[in-house]
Amino acid sequence: MTGRRRLWRWVVVAWVILVAVAGAATLWLQDSAEPPGPYSWQEASPSHTPPEGWESACAGATPDEDGRALCVVLTGPDSGPR
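Residues numbered from 1 in each chain as written. Predicted model: local features only at pLDDT ≥ 70, side-chain atom pairs only at ≥ 80, totals over all residues. Heavy atoms only, no water.

> Hey, could you go over the pattern of salt bridges for me, with residue numbers and the actual values?
Under the defined criterion, the tally for this structure stands at 2 salt bridges. Between Asp 64 and Arg 68 there is a salt bridge; the shortest N-O distance is 3.3 Å. Between Arg 68 and Asp 66 there is a salt bridge, and its shortest N-O distance comes to 3.1 Å. Residue Arg 68 shares its accessibility class with Asp 66, and that shared class is exposed. By sharing partners, the salt bridges in this structure join Asp 64, Asp 66 and Arg 68 into a single network. (Salt bridge = Lys/Arg side-chain N within 4 Å of Asp/Glu carboxyl O. Buried < 20%, exposed > 50% of the residue type's maximum accessible area, 1.4 Å probe, protein only.)

Structure (structure tokens):
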């Protein structure tokens with residue numbers, strides 16, 4: 001193997017290592033700079049309170065075999081019949 005060929009091989013190996021290290025550093029710095037996402041179990045809180053009278057509106061909801069019932073109460077200007 002000639003000296004020139006060996007030099008090019010070292011240049012290519014060094015370039016590949018440099019690209020791999022730079023990519024890893026970019027990902028690491030990007031992850032450390034971003035704030036946590038909007039969805040987190042620790043920060044979960046309801047966005048609003050249910051409207052008054054929702055208990056009576058949902059009194060007739062039939063529970064499933066696990067005891068869960070689904071009740072939808074629409075309020076506001078878009079709550080009319082569809």
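That covers the picture; the talk isn't over yet.
> Residues and numbers for the environment of Gly 53, please.
Considering the arrangement of structural elements, one finds Gly 53 in the loop between helix H1 (3-33) and helix H2 (54-57). Taking relative accessible area as the criterion, Gly 53 reaches 35% and is therefore assigned partly exposed. (Helix = DSSP H or I, 4+ residues; strand = E, 2+ residues; numbered from the N terminus.)

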